[in-house]
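A structural walkthrough
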Amino acid sequence: MKLEFVSKEIIKPASPNHPQTLSLSFFDQFLPSTYVSAIFFYDEQANQEDIIVQRLKSSLSQTLSLFYPLAGQIKDGVTVHCNDQGALFTEARADIFLSDFLRNPSDADLVHEFIVSPDHADPETWPLLHVKVIFFKDRGFAVAVSVSHKICDAASLSTFVCSWTNASKGYADTVNPEFPGPDFYPPADISIEFPPLLVRKTKSKTKRFVFGSLMIEKLKNRASSGNLEPQVTRIESITALLLRCMTKAGHSKAGKVTKFAITQTMNLRTRVSSSFLPHKAIGNFFFLPLLKESSESKMEIEETVSKLQKTKEELNQLIRNDPDDAKSSVEAKERIASAMLSSLHEVSPETETYVVSSWCRMSFYEADFGWGKPVWVAPGSVGKTQVVLMDAKDSEGIEAWVTLPETDMVEFEHDDELLAYATISPSVLI
């Protein structure tokens, strides 16, 4: 596949009336310099390229008035200067048919090509938002959206895209984004050094595995064989299976006992009241509980699910507060921040860390810019998180995008236990 770049433009907010600076929280400062990305594929057939591009640009400008930090710059590593520098908008054409690509979307490198930003793009400085629109030979098109991880997580990306699609259709936006990061996770002393979590030095490979609804039920039943309470969720059961197979591939041939850590990101917004943390809060508002393991552990699915459920209960204890008592809320936020710091300081550069992020139930398939809902949505930030779970188009199945060192992936993708429940990258039906 070849991409021909047609044009690029800087899109600025339609209205300049907004605060001029936004401090990064301590968690923002710690996160790696990367983009959180998603690509939305549409099978629109009409010859409307100019109309599509102009509508996307004008509605993006309107949306940036609300999400103004995305049009700013990070200049000193700790502050976003909301100076309306703008977002980068590029247009390209692919020399393949969308239908051909979706018949076998197994090559994650091709998906990455749709999302990759220009060489000069730096998520730690500028642009903090890059949009790329790609038109296929059959008039299908894709919209790739990349936001700096320094100021957005996956839930923030979903909120932004929802607001942008509303503007594109001419709807009055009901989203009133807030940026409470500095109050929730107060900025840290920049002299503090955190371990480089999520940074891989070895050459890696990404593969897509699809779990159908029937296989998910079978897996949940297996994970519940120990009569676990509360009931096992589909995310817990898939996470446990993936971690078992990933750690087998990475440590079974080590020849010695090796240490590693596992963690699953937990979105804080859905676990607290809106008075404690706005549900449309923009920033990095997730919790990373750390579980230490060794190659001696068999990573039995039932046992791992039990540990994951325990971390959820521990988080519930941390966030417990009286919504009518300001002091209680402050103390709860301090407990969460302290627990996060403890987890981060326990990770050493030598420790292999397996991270699972769930993007499920985030409404990515509702992203209708006015030409229908996407026929497929793919994440673009899997290279830094090792596993991203996304809803399948039918909302019942789950796609797992797994990134491992190439040598580990060879064993992982042929694991009979994994393949009993998952299919390797089937076609996307449109």
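About the cut-offs
- Residues numbered from 1 in each chain as written.
- Predicted model: local features only at pLDDT ≥ 70, side-chain atom pairs only at ≥ 80, totals over all residues.
- Heavy atoms only, no water.
- Helix = DSSP H or I, 4+ residues; strand = E, 2+ residues; numbered from the N terminus.
- Rg over C-alpha atoms; globule rule 2.2 N^0.38 Å.
- Buried < 20%, exposed > 50% of the residue type's maximum accessible area, 1.4 Å probe, protein only.
- Contact = heavy atoms within 4.5 Å.
- 1 Å grid on protein atoms, 1.4 Å probe; cavity = no way out; pocket = protein on both sides within 12 Å on 5 of 7 lines; lining within 4 Å.
- Points joined across faces, edges and corners; volume = space filled by probe spheres on them.
- Nonpolar A, V, L, I, M, F, W, Y, C, P; charged D, E, K, R; others polar.
- Domains from an automatic or database assignment.
- Buried area = accessible area lost by both parts, 1.4 Å probe.
- Salt bridge = Lys/Arg side-chain N within 4 Å of Asp/Glu carboxyl O.
- Axes fitted to C-alpha atoms, helices over the stretch in contact; angles between N-to-C directions.
- Parallel < 35°, antiparallel > 145°, perpendicular 65-115°, else oblique.
- Left-handed = near helix turned anticlockwise from the far one by under 90°.
- Pairing = 2+ DSSP bridges.
- Disulfide = S-S within 2.5 Å.

A word on the overall build of the protein
Counting secondary structure elements, the protein contains 13 helices and 18 strands. Compactness check: the protein gives a C-alpha radius of gyration of 21 Å against a globular reference of 22 Å for 430 residues, within 12% of the reference. In terms of principal-axis extent, the alpha carbons of the protein reach across some 60 × 55 × 35 Å. Burial analysis of the protein (430 residues in total) assigns 56% to the buried set. For the protein, the proportion of contacts with a sequence separation of at least 24, taken over those separated by at least 6, is 80%.

Some thoughts on empty space enclosed by the protein
Counted under the stated rule, the structure contains three cavities of 30 Å³ or more. Reported here for the largest cavity is a volume of approximately 100 Å³. In terms of lining, the largest cavity is formed by 15 residues, of which the most central are Leu22, Asp28, Gly181, Ile282 and Gly283. Secondary structure elements with two or more residues in the lining of the largest cavity: β2 (21–23) and α6 (181–184). Among the residues forming the lining of the largest cavity, the class breakdown is eight nonpolar, five polar and two charged.

Observations regarding the domain arrangement of the protein
Looking at the assigned domains, one finds that the protein contains domain 1 (3–184) and domain 2 (204–361 + 381–424). Of note, the centres of domain 1 and domain 2, computed from C-alpha atoms alone, are 26 Å apart. The interface is formed by 31 residues belonging to domain 1 together with 27 residues belonging to domain 2. Buried surface at the junction of domain 1 and domain 2, summed over both partners, amounts to about 2500 Å²; 71% is from carbon and sulfur atoms. Interface area lost by domain 1 to domain 2 is led by Phe26, Phe27 and Phe184, which between them contribute 28%. Remark: the boundary between domain 1 and domain 2 carries one salt bridge. Among the ionic pairs, arginine 269 bridges to aspartate 153, the shortest N-O distance being 3.0 Å.

Looking at the packing of helix α8 (residues 234–251) against helix α9 (residues 301–319)
For the pair α8 and α9, interaxial distance at closest approach is 9 Å and the crossing angle is 125°. Viewed along their axes, α8 and α9 adopt a mutual orientation that is oblique. Between α8 and α9 lies a crossing of right-handed hand. Touching Glu236, Ser237, Thr239, Ala240, Leu241, Leu243 and Arg244 of α8 are Ile301, Thr304, Val305, Leu308, Gln309 and Lys312, all from α9. Tallied by class, residues from the contact of α8 with α9 come to six nonpolar, four polar and three charged.

Looking at the sheet that holds strand β5 (residues 79–81)
The strand order across the open sheet built from three strands is β2-β5-β4, with neighbouring strands paired in antiparallel fashion. At either end of the open sheet lies a strand with only one pairing partner, and these are β2 and β4 (73–74).

A short note on the sheet that holds strand β7 (residues 129–135)
One open sheet holds the six strands; their spatial order is β1-β6-β7-β8-β3-β15, and the pairing between them is mixed. Of all the strands in the sheet, the pair left with one neighbour each is β1 (3–11) and β15 (376–379). Ignoring strand direction, the axes of neighbouring strands in this sheet form an average angle of 15°. The sheet contact formed by strand β6 (residues 87–94) and β7 spans six bridges and is parallel. Across the sheet, glutamate 91 pairs through a bridge with valine 133, a residue of β7. The strands touched by helix α5 (residues 154–168) within the sheet are β3 (35–42), β7 and β8 (141–148), with β8 carrying the most contacts at an inclination of about 130°.

Quick notes on the state of the cysteines
Across all of its chains, the model carries zero disulfides by this definition. Here cysteine 245 is not disulfide-linked; the sulfur of cysteine 360 is the nearest cysteine sulfur, at 18 Å. A residue is classified by how much of its surface remains accessible, and cysteine 245, at 1% relative accessible area, is buried. Among the cysteines around cysteine 360, which has no disulfide bond, cysteine 162 carries the closest sulfur, lying 18 Å off.

Examining the pairing of strand β9 (residues 204–211)
By the bridge criterion, eight bridges tie β9 to strand β17 (residues 398–405) in an arrangement that is antiparallel. In the sheet register, threonine 206 faces β17, and the bridge partner there is threonine 403.

Brief notes about the layout of surface pockets
Size it by volume and the largest pocket reaches roughly 1100 Å³. Along its surface, the largest pocket is lined by 49 residues, and Asn267, Ser358, Trp359, Cys360 and Met362 are the ones closest to its centre. Counting only elements with at least two residues in the lining of the largest pocket, the list comes to β3, α5, α8, β11 (266–267), β14 (352–358) and α11 (382–385). A per-element tally of the lining of the largest pocket places α5 first, with eight residues. Considering only residue class, the lining of the largest pocket consists of 20 nonpolar, 17 polar and twelve charged. Mapped onto the domain boundaries, the lining of the largest pocket takes at least three residues apiece from domain 1 (3–184) and domain 2 (204–361 + 381–424).

So, the packing of α9 against helix α10 (residues 326–345)
To characterise two packed helices, one gives the angle between the axes of the helices and the distance between these axes. Between α9 and α10, whose axes approach to 7 Å, the crossing angle comes to 140°. As far as their axial angle goes, α10 and α9 are oblique. Across the interface between the two elements, Gln317, Leu318 and Ile319 from α9 touch Ala332, Arg335, Ile336 and Ala339 from α10. Within the contact of α9 with α10, the residues separate by chemical class into five nonpolar, one polar and one charged.

Comments concerning the environment of proline 105
Within the secondary structure, proline 105 is located in the loop between α3 (98–103) and α4 (108–115). For proline 105, a relative accessible area of 1% corresponds to the buried category. Between the C-alpha atom of proline 105 and that of valine 387, which follows or precedes it by 282 residues, the distance is 17 Å.

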